[in-house]
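# Residue-level structural notes
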Amino acid sequence: MKLEGKKILVADDEKRVAELLSIFLTSKGAEVITAIDGADAFRQATLHNPDLIMLDLNMPGTNGMEAIRSLRMTMSDKPILVLTGYCTAETFESALEAGATVCMGKPPKLAELTEVVERLLAGAADA
Amino acid sequence: MREITVSQLKPSESLPSALLHKSGIPVLHPGDALTEAMIAAIKDEGVESLFQPEAEERLDDLRRQLTHVSMEIGELKPGDKLARTVYDDEGHLLLEAGAAIPKSFADSLSKRGISKIFFRKPEEEVGTKIGRKLRSNIEGIMNAGPETQLVDRETLDVLKSVEIKEAEEADFDALKLEAKINAMAAIDCEPTGEPFDKLIRDTRKCGPASESEKNAFSNVIEESLADLRDIYKALGNGGGRKSIPQVDKVANSAMAGLIRNRELLMLCGATRDSAEDYLISHALAMTVISVNVGSGLKYDMSQIKSLAYGAMLAGVGLTKVPPEVLDKKEKLTPREFAEIRRSPAYGLDILQKVTHLPGEVPYIVYQCHERANGTGYPCGKKDVVIHPFAKIVGVADIYSSVCSSRPYREAKTQYEAMEQLVLMCGKRQLNADIVRAFLKTNSMFPVGSFLRLNDNRFARVIAANPKDYMRPMVGILSDARGTPLPNPERLDMAEHKELSVTQALARKDVPGISDDPMLGF
């Protein structure tokens, strides 16, 4: 399994979404850390050194876009996967501009999500 | 007897045994401190080595060994002529110079239980004069009071003589300054001359700081705090136009500290949590942080000095805000907040009476609370129309106040302060280049922070790693069970990729460590 032993940070203010993602990724062998907003995501990423960060954009306090910009200040090469309900070209574009590696619509198809996560983790391992 | 070459001498707070010059004159006694300045004085006299008694060795024996040559009486040849007069231990004359050694001499000596005689070495070899001079120089240093010199005289003179471009008087009028800013499309301040940071020592390669260096730093910081108290007092006194010489002195000290040891300067100056003397500690912290960040942005000496002036004076407007507003525990009412928003203008008003202030100062004082996205005060200006020095001081202001305990909240850790700066960059409230310059010299886990590592050991950050903000150089304070180590062990996390930080802690959360403020440095 390509997710085995990998540490993934999941940041979503909707507990249910974070839980589902967590269950799914854990079942694939990953270790999952969760965060409830952008500021929390930044701290968890700083102190847990995850292999991949998955972020929702619409979160209270520090939103996902702001968190990405902060994360990019301190960790330039960590893959950041954005999951958002606002699937407009504009949103995707500004997330990528802020420093996201990949953007996906929410809810994601699990097969597609697995593929993207595996690809990002493999890419990070190459780098 | 142990011979110690001058290059082996290391500063020490309390010497275990005496140090003697080859003339037998004690340069320092047991328990005396040996400082960098003393080592320099020893070198200045051209002395190559000093001597220390072995554990059981008497000082008198050591002195005789240094100043005399000995001869077994069996080696005495009857008929040889003596070059010098020979006395016994008690000063009785045994044989006069020039006399031939009589046959019975050796016998009579051994009958008296004497097996060895000593001849004093010639004066040019003993060097009594140099020994005396050395001792008197060392005494001079001992009596000179606390060390406050962080850089050599020449460098200090250069710092003192830096030319600054004086501010126009009209810039201290809030309305006129605002009109001037409104007419500008952007406020630039490019680095011009030789970058100041070229002068800064790379302490990462230097090993632990000596005790005398640490002392000098704490003395300079205390002195600067006293100077700042004087400055704020003088500013509060009113009266006509005046110059305040201490402003230049504090700026020079901060710059000298940066040159000598960036980390010690940040440790001692950037986070002094003093609730009763908040404005003064905060002024010092803003000065120290601003010169540090400014140097990272490659500004030259004159620009750094202007920045230091502005940073230490930026908080002066707050002295006009009623303390019940400044220290209020509850949320401020709009009217009270309006008072805070007026503090930059109060600051300009107070500084209008001070001469010899650089041109950047009014911009720094007036604009350091503006935010890059326009959410600051007093004017809500955006990034390009905020003076870069005001942005630097703004970053220093936030960092220092987060680390300070205030009546309405407890002090947070330096890590939390740095985190807040980075999150504010994410929100575009702060300029990312400025915060990045701070990260480069102070790391995400700022110099002086206490950490827990992924192997459970406690550590303290002693220097930033400019290439990886997450992997600073640390002093390991405990083993994996949390038992404190007697001597912190230096370790560069950049060279230990298996290590990472899992927790940033307040000092009180690290069990069993000594209360030495400079622990690990």
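The structure displayed is predicted, hence computed values, not measured ones.

### Re the overall build of chain B
Counting its regular elements, chain B contains 19 helices and 13 strands. Relative to the globule expectation of 24 Å for 521 residues, the C-alpha radius of gyration of chain B, 31 Å, shows a markedly less compact shape. When the backbone C-alpha atoms are referred to their principal axes, chain B occupies close to 110 × 60 × 40 Å. Scored against the burial criterion, the 521 residues of chain B give a buried share of 51%. Taking the contacts inside chain B whose residues are at least 6 apart along the sequence as the reference set, 68% of them involve residues at least 24 apart.

### Things to note about the side chain of H387 of chain B
With respect to the element layout, H387 of chain B can be found in the loop between α16 (361-367) and α17 (388-402). Here H387 of chain B is in contact with I187, C189, E360, Y363 and Q367 of chain B, once residues within four sequence places are set aside.

### Some details on the nonpolar core
Membership of the largest hydrophobic core comes to 137 residues, with the highest contact counts inside it found for L55 of chain A together with I231, L351 and M444 of chain B. When residues of this core are assigned to domains, at least three fall in each of domain 2 (167-442) and domain 3 (450-509) of chain B. Setting aside its immediate chain neighbours within four residues, L351 of chain B contacts F172, L235, L313, V316, L357, V361 and V365 of chain B. In this structure, L21, L52, V117 and L121 of chain A belong to the second largest nonpolar core, which totals 20 residues.

### Some details on the interface of chain A and chain B
Each partner contributes to the interface: chain A provides 13 residues, whereas chain B provides 21 residues. Looking only at chain A, the three residues that lose the most surface to chain B are R43, L47 and M73 of chain A, adding up to 41% of its buried area. Between E66 of chain A and K427 of chain B there is a salt bridge whose closest N-O contact spans 2.9 Å. Those elements that place two or more of their residues in the side of chain A that touches chain B are α2 (38-48) and α3 (64-74) of chain A.

### Here's the deal with the pattern of salt bridges
All names here are of chain B. Scanning the model with the defined rule gives 35 salt bridges over all chains in all. One salt bridge connects D60 with R63, and the closest N-O pair in it is separated by 3.9 Å. With a gap of 3 residues between them, D60 and R63 both fall in helix α2 (residues 59-67), about one helical turn apart. D60 sits in the partly exposed class, given a relative accessible area of 46%. Residue classification places R63 among the partly exposed residues on the basis of a relative accessible area of 33%.

### Remarks on the sheet that holds strand β9 (residues 450-453) of chain B
All names here are of chain B. Taken together, 5 strands build an open sheet; the order of strands is β12-β11-β10-β9-β13 and the sheet is antiparallel. At either margin of the open sheet sits one strand with a lone partner, and together these are β12 (484-492) and β13 (501-505). Across the sheet, the mean angle from the axis of one strand to that of its neighbour is 35°, orientation sign disregarded. In terms of strand pairing, strand β10 (residues 458-463) meets strand β11 (residues 473-478) through 4 bridges, oriented antiparallel. Among the inter-strand pairings, A459 is bridged to a residue of β11, identified as I476.

About the cut-offs
- Throughout, residues of each chain are indexed from 1 in the direction in which the sequence is written.
- Lettering for chains starts from A, numbering for ligands starts from 1, and both go in the order in which the items are written.
- Local features in this predicted model are restricted to residues of pLDDT 70 or higher, and side-chain atom pairs are both shown and tallied only at a pLDDT of 80 or more, whereas totals for entire chains, interfaces and linings draw on every residue.
- Here the side-chain values reflect all heavy atoms present in the structure, with hydrogen atoms and water set aside.
- To qualify as a helix, a DSSP run of H or I must reach at least 4 residues; to qualify as a strand, a run of E must reach at least 2; elements of each kind are numbered from the N terminus.
- To get the radius of gyration, use the C-alpha atoms; to get the globule rule, take the number of residues to the power 0.38 and multiply by 2.2 Å.
- Relative accessible area decides the class of each residue, using a 1.4 Å probe on protein chains only: under 20% of the type maximum gives buried, over 50% gives exposed, and in between gives partly exposed.
- Note on contacts: a residue pair is in contact if any heavy atoms of the two residues lie within 4.5 Å.
- Only buried residues count toward a nonpolar core, which is a set of Ala, Val, Leu, Ile, Met, Phe, Trp, Tyr and Cys residues joined through side-chain atoms within 4.5 Å.
- For the purposes of this description, domain bounds are those given by an automatic or database domain assignment.
- Two parts placed together each lose some accessible area under a 1.4 Å probe, and the buried area is that loss summed for both.
- Salt bridges are defined by distance alone: a side-chain nitrogen of Lys or Arg within 4 Å of a carboxyl oxygen of Asp or Glu.
- The pairing criterion for strands is at least two bridges between them, as found by DSSP.
- Axes here refer to lines fitted to C-alpha atoms; in helices the fit is confined to the stretch in contact. Angles between the N-to-C directions go from 0 to 180 degrees.

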